[in-house]
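# Summary of structural features
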Amino acid sequence: MRQQRLFSNKILILTLTIGIAVILLRAMTRTVVFDLPRVKRARRRRASYPLKRAVDIVLASVALVMATPLMGLVALLVRLNLGSPVLFKQERPGMGGRTFTMYKFRTMTDARDAYGHLLPDSERLTRFGRFLRSSSLDELPELFN
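For the structure given in this document, a descriptive report is provided here. (Residues numbered from 1 in each chain as written. Predicted model: local features only at pLDDT ≥ 70, side-chain atom pairs only at ≥ 80, totals over all residues. Heavy atoms only, no water.)

### Side note on the nonpolar core
Core analysis: the largest hydrophobic core is formed by twelve residues, namely Leu64, Ala67, Met71, Val74, Val78, Leu82, Val86, Phe105, Phe128, Leu132, Leu137 and Leu140. Per-element tally for this core: the top contributor is helix 2 (residues 48–82), with six residues. The contacts of Val86, once residues within four sequence positions are left out, are Ala75, Val78, Arg79, Lys104, Phe105 and Arg106. (Core = buried A, V, L, I, M, F, W, Y, C linked by side-chain atoms within 4.5 Å. Buried < 20%, exposed > 50% of the residue type's maximum accessible area, 1.4 Å probe, protein only. Helix = DSSP H or I, 4+ residues; strand = E, 2+ residues; numbered from the N terminus. Contact = heavy atoms within 4.5 Å.)

### Thoughts on the environment of Val78
Along the chain, Val78 falls in helix 2. Filtering out sequence-adjacent residues up to four positions away, Val78 remains in contact with Gly83, Val86, Phe105, Arg106, Phe128 and Leu132.

### Looking at unusual backbone geometry
Here the amide bond leading from Ser84 into Pro85 is cis, since omega sits at 0 degrees, within 30 degrees of zero. Mapped onto the elements of the fold, Pro85 is located in the loop between helix 2 and strand 3 (87–93).

### A short note on the pairing of strand 3
Across seven bridges, strand 3 lies against strand 4 (residues 99–105) in antiparallel orientation. In the sheet register, Glu91 faces strand 4, and the bridge partner there is Thr101. Connecting the antiparallel pair strand 3 and strand 4 is a turn made up of five residues, with Gly96 showing a positive phi of about 70 degrees. (Pairing = 2+ DSSP bridges.)

### A short note on the pattern of salt bridges
Opposite charge on two side chains permits them to pair, given that their charged atoms come into close proximity. Within the structure shown, the criterion is met by three salt bridges. One salt bridge connects Asp56 with Lys52, and the closest N-O pair in it is separated by 2.7 Å. Taken together, the positions of Asp56 and Lys52, both in helix 2 and four residues apart, correspond to about one turn of that helix. Overall, the relative accessible area of 34% leaves Asp56 in the partly exposed class. Ionic pairing is found between Glu139 and Lys104, a salt bridge with its closest N-O pair at 3.3 Å. Of this pair, Glu139 sits in the segment after helix 4 (127–135) while Lys104 sits in strand 4; the two residues are 35 residues apart in sequence, bridging distant segments of the chain. Judged by relative accessible area, Glu139 falls into the partly exposed class, the value being 31%. (Salt bridge = Lys/Arg side-chain N within 4 Å of Asp/Glu carboxyl O.)

### Looking at a nonpolar patch on the surface
Taken together, Leu70, Leu73, Leu76, Leu77 and Leu80 make up a surface patch of nonpolar side chains, about 460 Å² in accessible area. Under the relative-accessibility criterion, Leu77 is labelled partly exposed at 33%. (Patch = residues over 30% accessible without salt bridge, like charges linked within 9 Å, V, L, I, M, F, W, Y side chains within 5 Å. Areas by Shrake-Rupley, 256 points an atom, 1.4 Å probe, with all protein chains shown as cover.)

### Let's talk about helix 2
Since the α-helix packs 3.6 residues into each turn, any two residues three or four apart lie on the same face. Taking 1.5 Å of rise per residue, 35 residues should cover 51 Å, yet helix 2 covers just 43 Å from first to last C-alpha, more than 12% shy of that figure. The axis of helix 2 is deflected most strongly, by about 55 degrees, at Ala67, and proline Pro69 appears within four residues downstream. Of the residues making up helix 2, those classed as buried are Leu64, Ala67, Met71, Val74, Val78 and Leu82. For helix 2, the elements touching its buried residues are strand 4 and helix 4. Among the residues trailing helix 2, Gly83 stands out with phi positive, at a value near 85 degrees. (Expected span 1.5 Å × (residues − 1). Bend = angle between axes of the 7 residues up to and from the residue.)

### Quick word on helix 4
Burial in helix 4 covers these residues: Phe128, Gly129 and Leu132. End-on view of helix 4: buried residues confined to an arc of 100 degrees, all on one side of the axis. Opposite the packed face of helix 4, turned more than 90 degrees from it, sit the exposed residues Arg127 and Ser134. The secondary structure elements touched by the buried residues of helix 4 are helix 2. (Arc of directions from axis to C-beta.)

This is how it looks when you write it as structure tokens:
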């Protein structure tokens, strides 16, 4: 009797899980990009963008204030281990094709070979840089974006 109840509970959980998955999949549309299947979320209403942007700015500002001491410590350690500049910046495409500047803490040296070409990333990545990446501390300056 008890085994029968456990079995029926497992079937109930499985049925609920499948039902939730079906609901979530119906909310998404399936598209194909370069012959690779890609799941794309249904479009949001344009009216929700200003609200989302305002919430993003408020939350990022609070996180930035809270993370400032940690960012200062990481910046000091990057300066001592890798030298200057402390931040790596790169232009990236953003929403609507507009470019923005992405900031991260540096994790690699600028080591070059005899011809002046940069060495491969695997050789330039330091132990300290590997730690920053694995802990995602190198991503903290992205709060400015």
